[in-house]
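Single-letter residue listing:
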Amino acid sequence: MRFRSSPPRGLFRRFLIGSLLVQLGAVVSLMTATSIRKRMRGKGTEPLPRIEAEHFTIGGGNEVQVYVSGEALYDDMLAAIAGAHRRILLESYIIKGDEMGRRFRRALRDAADRGVEVCVIYDGFANLVVPPAFFRFGHGVHMMRYPILPHRLAFFSPRAWGRNHRKILVVDDAIGFVGGYNIGSLYADEWRDTHVAVTGPAVWDLENAFIDFWNDVRPHESMTPLSESTWDPHVRAHRNVPRQLIYPIRGMYLEAIDRATKSIEITQAYFIPDKNILQGLVDASRRGVQVRILVPKVSNHVVADFVARGYFGQLLDAGVEILRYSDHMVHAKTMTVDGEWSTIGTANIDRLSLTGNYEINLEILDDGLAEGMSRIFERDAQSAQVLDVQAWRDRPTIARLYERLLSPWRPLV
């Protein structure tokens, strides 16, 4: 006897397929429109000005420099590489094969030629558009391409699917860099990002983060830190480690939001909070905390923009101020709370960063640095538009439609 699928089941299947096709159509149309706008606009925006790093002394013997200019950051990173004596550890989600990427490749080759141990990690998926030949840095430079797909049975494990989204440079045991900047000419003066350099005991945390990852992927080429670990209550590194299902950065954000009594200042490239972070920010605003969130008006991922817009209404209704950075892409991942606590790192407030990727953020408890981060936020606010509540409520119907169509993608980005 042959049984046929019941009509309701068939209708439901067709509904799901139709919904998916409509969502994919929305994605394609958004990406196409964005591409056309970029070509029409061309290189119309002015380069961002070069701003030198601001220096802070942190308790526990650490010195921290905060960079908001790619040009200044890259010059200092290249100078550190040129001065290396023993070891260079470079980890970057993206290394573009452009002039800036070639400058770093030459510097690393030169270091290896003079006997410095040089190890480089880059993410295979993020660099698909870069010719593979670019990553042949030469004899003496140890290269690790983090694979696009997990190997064999690991394909079915959630532990193996996180991308390596970290950006770390450690030179000898003397200085460590971490933050949002990838390596490429585009980021030098066209993107607004934030990075830090640390000297002192906190360098060990960055060095150890690199080494743990390297040793896990290549246990036959294991290495050990040059410096010794210390306990510093002022500077801590939080690492997401998908292979161990450890995601402390999300907990760090939630704890800081819950503790806030006066102010929360967030700068994010892709702000797609989960239910708990969203509710934490709403609750903070309702108990009198001034909550301000700065995001790009138009990012390099337009789909993420429209997914993020789905949260704006609830935040605005709770009194949260949303500022949209104009003219340039803002890619920073920072938060400052109550003028005392700050975090700077690689993790966005979205699912991929907080429960998916390898990430690293520094948590710094220092009122001097927090004051400096607040000054940076205020300067960025001068280049941003405050989202008006009524204007948001009166936004075009087509925008509401795209937001609704893309809302099912929230758990995926």
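Numbering of residues starts from 1 in every chain and runs along the sequence as written. Residue-level local features of this predicted model are given only where pLDDT is at least 70; pairs of side-chain atoms are given and counted only at 80 or more, and the full residue set underlies all totals for whole chains, interfaces and linings. Side-chain measures here rest on the full set of heavy atoms in the structure, leaving out hydrogens and waters.

**Regarding the packing of aromatic side chains**
Two rings from Phe, Tyr or Trp (for Trp, the six-membered ring) form a pair when their centres are within 6.5 Å of each other. A pair whose planes differ by under 30 degrees is stacked, one over 60 is edge-to-face, and the rest are tilted. Counted according to the given criterion, the structure contains 13 aromatic pairs. Taking the centre distance of 6.0 Å and the plane angle of 80° together, the rings of Tyr 146 and Tyr 358 count as edge-to-face. On the criterion of sequence distance, the pair formed by Tyr 146 in strand 5 (residues 141-146) and Tyr 358 in the loop between helix 10 (351-355) and strand 17 (359-365) is long-range, its members being 212 residues apart. The residues Tyr 146 and Tyr 358 share a single accessibility class, namely buried. Members of the aromatic cluster, each reached through a chain of ring pairs, are Tyr 122, Phe 134, Phe 135 and Phe 137. Of note, Arg 218 hangs over the ring of Trp 214, and the distance from its end group to the ring centre comes to 5.2 Å. Think of it this way: any DSSP run of H or I at least four residues long counts as a helix, any run of E at least two long counts as a strand, and we number them from the N terminus. Type-normalised accessible area, obtained with a 1.4 Å probe on protein chains alone, sets the label of each residue: buried when under 20%, exposed when over 50%, and partly exposed for intermediate values. A ring is scored as having a charge over it whenever the NZ atom of a lysine or the CZ atom of an arginine sits within 6 Å of its centre and within 35 degrees of its normal.

**Things to note about the pairing of strand 1 (residues 54-58)**
A pair of strands is considered paired only if DSSP assigns at least 2 bridges between the two. Of the pairings in the sheet, the one linking strand 1 to strand 2 (residues 62-67) comprises 5 bridges and is antiparallel in character. Among the inter-strand pairings, Glu 54 is bridged to a residue of strand 2, identified as Val 66. A loop of 3 residues connects strand 1 with strand 2, the two strands running antiparallel in sequence, and Gly 60 in this loop sits at a positive phi of about 90°.

**As for the sheet that holds strand 17**
Ordered in space as 10-17-16-15-11-12-13-18, the 8 strands form an open sheet in which the pairing is mixed. Two strands in the sheet have a free side with no partner beyond their single neighbour: strand 10 (235-240) and strand 18 (384-386). Sheet twist, expressed as the mean angle between neighbouring strand axes with direction ignored, is 15°. As paired elements, strand 11 (residues 263-268) and strand 15 (residues 333-337) share 5 bridges and run antiparallel to each other. What sits directly across from Ile 266, in strand 15, is Met 335. The criterion used for residue contact is that any of the two residues' heavy atoms lie within 4.5 Å. Orientation is described by axes fitted as lines to C-alpha atoms, over the contacting stretch for helices, and by angles from 0 to 180 degrees between their N-to-C directions. Its contacts with the sheet place helix 5 (residues 203-217) against strand 10 and strand 17, and it is angled at close to 20° to strand 10. The strands touched by helix 11 (residues 367-381) within the sheet are strand 11, strand 12 (290-296), strand 13 (321-325), strand 15, strand 16 (341-345), strand 17 and strand 18, with strand 12 carrying the most contacts at an inclination of about 55°.

**What to know about helix 8 (residues 302-309)**
When you tally the buried positions in helix 8, you get 8 out of 8 residues, the bulk of the element. Restricting attention to buried positions, one finds in helix 8 the residues Val 302, Val 303, Ala 304, Asp 305, Phe 306, Val 307, Ala 308 and Arg 309.

**A look at the UniProt feature "domain: PLD phosphodiesterase" (unreviewed entry) in the chain**
UniProt positions are given in the numbering used here, feature names are shortened, and annotations may be inferred rather than shown by experiment. Look at the UniProt record and you will see "domain: PLD phosphodiesterase" (unreviewed entry) annotated at residues 160-187 and 326-353. Span residues 326-353 is 11% helix and 43% strand, its end C-alpha atoms 24 Å apart.

**Remarks on the sheet that holds strand 4 (residues 117-123)**
What the 8 strands build is an open sheet, ordered 1-2-9-7-6-3-4-5; its pairing is mixed. In this open sheet, the two edge strands, each paired with only one partner strand, are strand 1 and strand 5. Neighbour-to-neighbour, the strand axes of this sheet turn through a mean angle of 15°, independent of strand direction. Bridge count between strand 7 (residues 175-179) and strand 9 (residues 195-199): 4 bridges; the pairing is antiparallel. By the bridge assignment, Gly 176 is partnered in strand 9 with Val 198. Relative to strand 7, helix 2 (residues 70-82) is tilted by about 150°, and along the sheet it contacts strand 2, strand 3 (87-92), strand 6 (167-171), strand 7 and strand 9. Its contacts with the sheet place helix 5 against strand 3, strand 4, strand 5, strand 6, strand 7 and strand 9, and it is angled at close to 75° to strand 3.

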